[in-house]
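The lines below spell out each chain.
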Amino acid sequence: MSLLIRNGEIVTATERHVADILVVGETISAIGQNLAPPADAEVIDATGKYVFPGFIDPHTHIYLPFMGTYSKDTYTTGTRAALVGGTTTIFDMICPSRAMSAKEGFETWNAQSAGKACCDYSYHMGVTRFDADAAAQLRAIVAAGVSSFKIFLAYKGAFGIDDTELYAALKLAKELGVIVAAHCENETLVAERQKELLAAGHTGTASHHESRPPLVEAEGVHHLMTFAELTGASVYIVHLSCEEALRHAVEARLRGVDVAIETLIQYLLIDKTYAERPDFEGAKFVMSPPLRDAKNQPSLWNALRTGLIQTVATDHAPFDFKGQKPMGAADFTKIPNGIPALEDRVNLLYTYGVKTGRLDLHTFVNVASTQAAKLFGLFPKKGAIQPGSDADLVIYDPSYRGKISAATQVMNVDYSAFEGWPIEGRPSVVTVRGEVAVRDGKFVGTVGRGRFLARTPNHF
Ligand code: URP
Ligand code: ZN
Ligand code: ZN
């Protein structure tokens, strides 16, 4: 099986030039001018199109058991949607309940993914409880190729861990050279504020933000920074949403803390007024940390542009507006948290980041692909276009014009947070290790071809 992609404008985090790309089997074999196609090759004309390295979403929740239900996408539906949107690798969060062992969590996620994914995937291993058994199991899971942990400072009584567990988990991560992704919100403040708001009769979606204002997130980040500084662990702040939290992370970085930062496409583009929409419409926009005041958005874009923030993810956690969000119709604390975006991240970032001049093309590729590959031990297999790299390629058509709509989306959820938003560009062809998986917005790949990416710790 071989592919010759002719005359595309190759854009990576650092390079930009027009050339042909020859793919033999699963990897890129040559890049150059006027390359001759092997006899069995499919030739794809990419004239007038960009060729990007496959995009990487470092934060998804596929079939997450959460708040009394499950996020809607399975490994098949989620990775199919990812591919249609140009994402060729996802990092999914293994989130065992506190009643489950780490080993059971790992096995559960493996059973859900094996033979069912359409694009490649890896995991961040959720540490939702820490004791001697967990430590032993976590060592085995790292040895099996999961070289990043995930911890929650939020979700009291569910995924959240206490400070004793946090300290021990970070010490183990430091010892193993594992990077720790962290949800930073002070869980006690959230729980107390929720109680106060409900007691005062504030049950609607607008109160979600009041229960978890920026200071609650900023305290979570400050807290994590203190623990990271004292343990020397490398940490990755997931879904950072506001300037107050960013300041604590950057201050810690100046003190020498090894911290990388992720924001979400949702925080860059939509704001807390969406969650205030009447008639429970706001529930579509309930996630944690909450969508913030729009005044935060210029700071987030600037931080991305200047390298203070490393990645743009989705935290994809789809819950149906009709069947699942109404669990919180009478009490905002019961609305399943999450805003789907896995399919739309790349097109939105291109349209509202690159086309508006907020990001250059290299930064776009860097924050949506290359940085995640580097931080989590996949570079240059992923996140790069060079001989030897996996042939995960996105031939991107910048002349495409369309609109996002739940009616046409591939994600398995009944609404879109970006309904009606115009997009200016989309993938016309997407390959997964040399196999064409998407043509003109349609999935044409193979269910089950997606592979678990075993990684080794690279963060000492
Ligand atoms: O609201 C969110 N973010 N839902 C998914 C779980 C998490 O906190 O990442
Ligand atoms: Zn989270
Ligand atoms: Zn998440």
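This is a predicted model, so every value here is computed, not measured.

Conventions and cut-offs
Residues numbered from 1 in each chain as written. Chains lettered and ligands numbered in written order. Predicted model: local features only at pLDDT ≥ 70, side-chain atom pairs only at ≥ 80, totals over all residues. Heavy atoms only, no water. Donors = N, O, S within 2.8 Å, 3.2 Å for Na, K, Ca; no water. Tetrahedral: all angles 85-135°; square planar, octahedral: opposite > 155°, others 65-115°. Axes fitted to C-alpha atoms, helices over the stretch in contact; angles between N-to-C directions. Helix = DSSP H or I, 4+ residues; strand = E, 2+ residues; numbered from the N terminus. Parallel < 35°, antiparallel > 145°, perpendicular 65-115°, else oblique. Left-handed = near helix turned anticlockwise from the far one by under 90°. Contact = heavy atoms within 4.5 Å. Nonpolar A, V, L, I, M, F, W, Y, C, P; charged D, E, K, R; others polar. 1 Å grid on protein atoms, 1.4 Å probe; cavity = no way out; pocket = protein on both sides within 12 Å on 5 of 7 lines; lining within 4 Å. Points joined across faces, edges and corners; volume = space filled by probe spheres on them. Buried < 20%, exposed > 50% of the residue type's maximum accessible area, 1.4 Å probe, protein only.

Draft legend 1. Focus on the coordination of the zinc ion (ligand 2). For the zinc ion (ligand 2), the full set of protein donor atoms is His183 (ND1) and His239 (NE2), and the range of their distances to it is 2.0 to 2.1 Å. Coordination at the zinc ion (ligand 2) is irregular: its four donor atoms span angles of 57 to 149° at the metal.

Draft legend 2. Just the packing of helix α7 (residues 214-231) against helix α8 (residues 243-254), in detail. Orientation of α7 relative to α8, taken along the N-to-C sense of each, is 15°, at an axis distance of 7 Å. Regarding the angle of α7 to α8, the classification is roughly parallel. The chirality of how α7 crosses α8 is right-handed. In this structure, α7 uses Pro214, Glu217, Ala218, Val221, His222 and Met225 to contact α8, whose residues at the interface are Glu244, Ala245, His248, Ala249 and Ala252. Of the residues assigned to the contact of α7 with α8, the class counts are seven nonpolar, two polar and two charged.

Draft legend 3. Local environment of the layout of surface pockets. Roughly 330 Å³ of internal volume is contained in the largest pocket. Every residue lining the largest pocket is counted, 17 residues in all, and those nearest its centre are Val84, Glu343, Tyr400, Thr408 and Arg426. There is about 280 Å³ of room inside the second largest pocket. In terms of lining residues, the second largest pocket is bounded by 15 residues, among which Tyr155, Lys156, Gln194, Arg212 and Thr333 are the most central. The dominant element in the lining of the second largest pocket, judged by the number of residues it contributes, is helix α5 (residues 187-199), at four residues.

Draft legend 4. A look at the coordination of the zinc ion (ligand 3). Taken together, His59 (NE2), His61 (NE2) and Asp315 (OD) make up the full set of protein donors to the zinc ion (ligand 3), lying 1.9 to 2.1 Å away. Positions of the donor residues of the zinc ion (ligand 3) along the chain correspond to the pattern H-x1-H-x253-D. Distance-wise, the zinc ion (ligand 2) is placed 3.6 Å from the zinc ion (ligand 3). Pair noted here: histidine 59 is in strand β6 (residues 55-60) and aspartate 315 is in the loop between β15 (311-313) and α12 (345-354), with a separation of 256 residues, a long-range link. With relative accessibility at 0%, the residue histidine 59 sits in the buried group. Classification of aspartate 315 by relative accessible area gives buried; the value is 7%.

Draft legend 5. Representation of helix α1 (residues 75-84). Counting buried residues along α1, nine of its ten residues qualify, which places the element largely inside the surrounding structure. Tucked inside the fold, the buried residues of α1 contact β9 (87-94), α2 (102-113), β10 (120-126), β17 (422-432), β18 (435-439) and β19 (442-443). Just past α1, the residue glycine 86 takes up positive phi, approximately 95°.

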